[in-house]
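# A closer look at the structure
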Amino acid sequence: SGGGGGGGAAGGESWYLALLGLAEHFRTSSPPKVRLCVHCLQAVLPRKPPARMEARTHLQLGSVLYHHTRNGDQARGHLEKAIPQFEDVKFEAASLLSELYCQENSVDTAKPLLRKAIQISQQTPYWHCRLLFQLAQLHTLEKDLVSACDLLGVGAEYARVVGSEYTRSLLLMERKLQEVHPLLTLCGQIVENWQGNPIQKESLRVFFLVLQVTHYLDAGQVKSVKPCLKQLQQCIQTISTLHDDEILPSNPADLFHWLPKEHMCVLVYLVTVMHSMQAGYLEKAQKYTDKALMQLEKLKMLDCSPILSSFQVILLEHIIMCRLVTGHKATALQEISQVCQLCQQSPRLFSNHAAQLHTLLGLYCISVNCMDNAEAQFTTALRLTTHQELWAFIVTNLASVYIREGNRHQELYSLLERINPDHNFPVSSHCLRAAAFYIRGLFSFFQGRYNEAKRFLRETLKMSNAEDLNRLTACSLVLLGHIFYVLGNHRESNNMVVPAMQLASKIPDMSVQLWSSALLRDLNKACGNAIDAHEAAQMHQNFSQQLLQDHIEACSLPEHNLITWTDGPPPVQFQAQNGPTTSLASLL
């Protein structure tokens, strides 16, 4: 690629197109040959091409380095050189550069850049709508929902003026999400009444259904969400059969896409996993997690888009909780370490998920009976979160730690008052309120106040049955069975423990199975059923052995040292135990 500049316009154009074609060939190879692609684009610049070509080359270099490498400094340098240039280049460069700033946690640098681009892009409908959407997302991240709604309203009105009902519908739905429930119905009508090409119609429908499904899941309404989730799964099957290039819209504002089709597929897997985990269908959650992670691996070979890492972290967060329930603590711990690795690569990802990471470590500590560490992890998570539902989830689990420790009455009473399900419960989540009743029942049981415990647990059962919250149902049944056993009512105890065992086996929940089998052994012994008692004792022995082996394996992993990390960014990666271990200075 050496030599002087080409002779004449045609010559100049031909060498440029040749290098561009070669760069694109390397970029779209499987896997992408990023280094060769960058070399081809870099070869354009020393030839002093016309200003427009030079600007576009800086944009392409910035885009390739941003999407396919971790070289943020070089990507930023090229994008900054592209911004002062031509309209068709500067808006794309501003959009990418603002994403890069956000990745580096420099939101305050990204916002003025987007505002300036919005001011000068009014004659370019596609970029004007996209930049408004991006700025609204930044305000949402900062919990400034008023500014986000205002920007989305401006975008929706602009889309109406330029005749793009499709983009208007997208921006309205994003805005209505901030205003929530009654307006979801209106959004549904907007989507169904919109007439346009099939890909855009299905894309709008996926967007609307994702909003609806996540709204139900945030509210802990696992049963109520099923019809919407089924529609969403059917919708993604339809959209995956349609070709993007069937009909290109004539209106430039209609070119706005909220998410690529391949990313939509992963998102649908993700909300399915969220639903399965909440409902207690843990094998189904595992199946869809495997599918989603496989798809993510393929996409990440071609695209380093930050949203893919976010999807990956959220998937891992949910499957880790499933593993802890099914008695696979060692695997859960290795996956927590994987989340740490992903967060090490992105400051923004870590700031968005630090509280969740410490919460997962707290849940792991409970599973291996390290209660002091569990308390430290939950306390750290509470310090880091501003999310009300996560706050209530952490407080509920911290209360369970204090109940098990048995000597933290003052702190426990204070926590229970903050998550009192009978009045002023801090969040609208059906699932979390049912869990708060269960925690109250557990505390009353440990204090020997059995009638009070039964009242709380019956409330949990009523709520969990109403929304198919299988794990809470199983936990409430076995605890009620235990209370009736203590009270000497063996028949009623058996009526609770047998369905608890059946449900726990179906989930499968190892702790509830262990508890139920111990109760069945004692119940059958008390009733003189020697054969049934022996069978239950054998089951209990098998569960104990499995849990003990997993406990030993988890605690012997080098990643187990993560339980002492409560400050700063995730510690450096641990090596396999039989190899050299990384210095743990940051932990000790």
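- As recorded in an unreviewed UniProt entry, the protein chain goes by the name MAU2 chromatid cohesion factor homolog, listed as coming from Crypturellus soui.
- Reading the Subcellular location (unreviewed entry) entry of the UniProt record for the protein chain gives the comment "Nucleus, Nucleoplasm".
- Quoted verbatim from the Sequence similarities (unreviewed entry) field of the UniProt record, the comment on the protein chain reads "Belongs to the SCC4/mau-2 family."

## Thoughts on the pattern of salt bridges
- With the rule as written, the count across this model stands at 18 salt bridges.
- Between aspartate 108 and lysine 111 there is a salt bridge, and its shortest N-O distance comes to 4.0 Å. Taken together, the positions of aspartate 108 and lysine 111, both in helix α6 (residues 107-119) and three residues apart, correspond to about one turn of that helix.
- The exposed category is assigned to aspartate 108, whose relative accessible area is 59%.
- Lysine 111 sits in the buried class, given a relative accessible area of 12%.
- The shortest N-O distance in the salt bridge between arginine 323 and glutamate 335 comes to 2.7 Å. With arginine 323 in helix α15 (residues 306-326) and glutamate 335 in helix α16 (residues 329-344), this pair connects stretches of sequence that are twelve residues apart. Taken individually, arginine 323 and glutamate 335 each receive the classification buried, so the pair is uniform in this respect.
- Bridged by salt links that share partners, the residues Glu375, Glu405, Arg408 and Glu411 form one connected network.

## Quick look at the side chain of asparagine 420
- As for its position among the elements, asparagine 420 is in the loop between α20 (409-418) and α21 (430-446).
- When its relative accessible area of 6% is taken as the criterion, asparagine 420 is described as buried.
- One polar contact links the side chain of asparagine 420 to the main-chain amide nitrogen of aspartate 422, over a distance of 2.9 Å.
- Among all residues touching asparagine 420, those that are not within four sequence positions of it are Phe425 and Arg440.

## Details of the side chain of serine 121
- Mapped onto the secondary structure, serine 121 falls in the loop between α6 and α7 (125-141).
- A distance of 3.2 Å separates a polar atom in the side chain of serine 121 from the backbone oxygen of isoleucine 118.
- There is a polar contact of 3.0 Å between the side chain of serine 121 and the side chain of histidine 128.
- Excluding its chain neighbours within four sequence positions, the residues that come into contact with serine 121 are Phe91, Trp127, His128 and Leu131.

## So, unusual backbone geometry
- A cis amide bond links isoleucine 507 with the next residue in sequence, proline 508, at an omega value of -10 degrees.
- Looking at the element boundaries, proline 508 is found in the loop between α24 (490-506) and α25 (510-526).
- At asparagine 369, a residue that is not glycine, the phi angle is positive and equals roughly 65 degrees.
- Here aspartate 468, not a glycine, exhibits a phi torsion of approximately 55 degrees, which is positive.
- Among the secondary structure elements, aspartate 468 is positioned in the loop between α22 (450-466) and α23 (470-486).

## Looking at the packing of aromatic side chains
- Within this structure, the stated rule accounts for eight aromatic pairs.
- Ring geometry for tyrosine 269 and tyrosine 288: centres 6.0 Å apart, planes at 45 degrees, overall tilted. With a gap of 19 residues between them, tyrosine 269 in helix α13 (residues 261-279) and tyrosine 288 in helix α14 (residues 282-302) connect regions that are remote in the sequence.
- What makes tyrosine 269 partly exposed here is its relative accessible area of 24%.
- By relative accessible area, tyrosine 288 is classed as buried at 17%.
- Where phenylalanine 445 meets phenylalanine 446, the ring centres are 5.5 Å apart and the plane angle is 70 degrees; that geometry is what we call edge-to-face.
- Relative accessible area serves as the criterion here: at 13%, phenylalanine 445 is assigned to the buried category.
- Here the aromatic residues Phe445, Phe446 and Tyr450 are joined through ring pairs into a cluster of three or more.
- It is arginine 47 that lies over the ring of tryptophan 15; its NZ or CZ is 4.8 Å from the centre.
- Across the ring face of phenylalanine 443, the terminal group of arginine 449 is positioned such that the distance to the ring centre comes to 6.0 Å.

## Describing the environment of leucine 242
- When you line up the elements, leucine 242 lands in the loop between α12 (226-241) and α13.
- Residues leucine 242 and threonine 272 lie 30 residues apart in sequence; the distance between their C-alpha atoms is 22 Å.

## Notes on the confidence of the model for the protein chain
- In this model, the protein chain carries a mean pLDDT of 86, and residues with pLDDT of at least 70 account for 91%.
- Taken as a whole, residues 1-11 scores under 50 in pLDDT and shows nine contacts with residues more than four places along the chain or in a different chain.
- Low pLDDT, under 50, characterises residues 575-588; the stretch is placed with 19 contacts to residues that sit more than four places away or in other chains.

## Overview of the environment of serine 276
- By secondary structure assignment, the location of serine 276 is in helix α13.
- Residue serine 276 is classed as buried on the basis of its relative accessible area of 0%.
- Spatially, the C-alpha atom of serine 276 lies 9.1 Å from that of tyrosine 288, the residues being twelve residues apart in sequence.
- Apart from the residues lying within four places of it in its own chain, the contact partners of serine 276 are Tyr281, Leu282, Lys284 and Ala285.

Rules behind the numbers
- Residues numbered from 1 in each chain as written.
- Predicted model: local features only at pLDDT ≥ 70, side-chain atom pairs only at ≥ 80, totals over all residues.
- Heavy atoms only, no water.
- UniProt positions renumbered as here; feature names shortened; annotations may be inferred.
- Salt bridge = Lys/Arg side-chain N within 4 Å of Asp/Glu carboxyl O.
- Helix = DSSP H or I, 4+ residues; strand = E, 2+ residues; numbered from the N terminus.
- Buried < 20%, exposed > 50% of the residue type's maximum accessible area, 1.4 Å probe, protein only.
- Polar contact = N/O pair within 3.5 Å; in protein donor to acceptor, adjacent residues only side chain to side chain.
- Contact = heavy atoms within 4.5 Å.
- Phe/Tyr/Trp six-rings, centres within 6.5 Å; stacked < 30°, edge-to-face > 60°.
- Lys NZ or Arg CZ within 6 Å of the ring centre and 35° of its normal.
- pLDDT = per-residue confidence, 0-100.

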